[in-house]
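Here is how the chains run, residue by residue.
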Amino acid sequence: MHESVIPTGPARPSAAEANEAIRHLVESRVDDEWPSEAYEFLLTEWSAASHPEVSAAP
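What comes next concerns the included structure.

**Some thoughts on the overall build of the chain**
Of regular secondary structure, the chain possesses two helices and zero strands. Evaluated residue by residue, the chain yields a buried proportion of 9% over its 58 residues. Put simply, of all contacts in the chain between residues at least 6 apart along the chain, 65% involve residues at least 24 apart.

Okay, here's the thing in structure tokens:
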């Protein structure tokens, strides 16, 4: 199983930044190989930024 370290705090990109990084990754491919690990990491970043954690009620 593959586990990535996900940054927290200010190091985490916004949803727009993660989306732009995904777009750049897709558009900049130079061969027929798909960079699946990078793509999955960026999707995780985008998802986390798109769905901020909701803190538990006190």
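Structure's up, so let's keep going.
**Digging into the packing of helix α1 (residues 15-27) against helix α2 (residues 36-50)**
For the pair α1 and α2, interaxial distance at closest approach is 8 Å and the crossing angle is 160°. It follows that α1 is roughly antiparallel to α2 by the angle criterion. Crossing geometry of α1 relative to α2 is assigned as left-handed. Touching Ala15, Ala18, Asn19, Ala21, Ile22 and Leu25 of α1 are Ala38, Tyr39, Leu42, Leu43, Glu45, Trp46, Ala49 and Ser50, all from α2. Residue classes in the contact of α1 with α2 are distributed as eleven nonpolar, two polar and one charged.

Quick notes on the rules
Residues numbered from 1 in each chain as written. Predicted model: local features only at pLDDT ≥ 70, side-chain atom pairs only at ≥ 80, totals over all residues. Heavy atoms only, no water. Helix = DSSP H or I, 4+ residues; strand = E, 2+ residues; numbered from the N terminus. Buried < 20%, exposed > 50% of the residue type's maximum accessible area, 1.4 Å probe, protein only. Contact = heavy atoms within 4.5 Å. Axes fitted to C-alpha atoms, helices over the stretch in contact; angles between N-to-C directions. Parallel < 35°, antiparallel > 145°, perpendicular 65-115°, else oblique. Left-handed = near helix turned anticlockwise from the far one by under 90°. Nonpolar A, V, L, I, M, F, W, Y, C, P; charged D, E, K, R; others polar.

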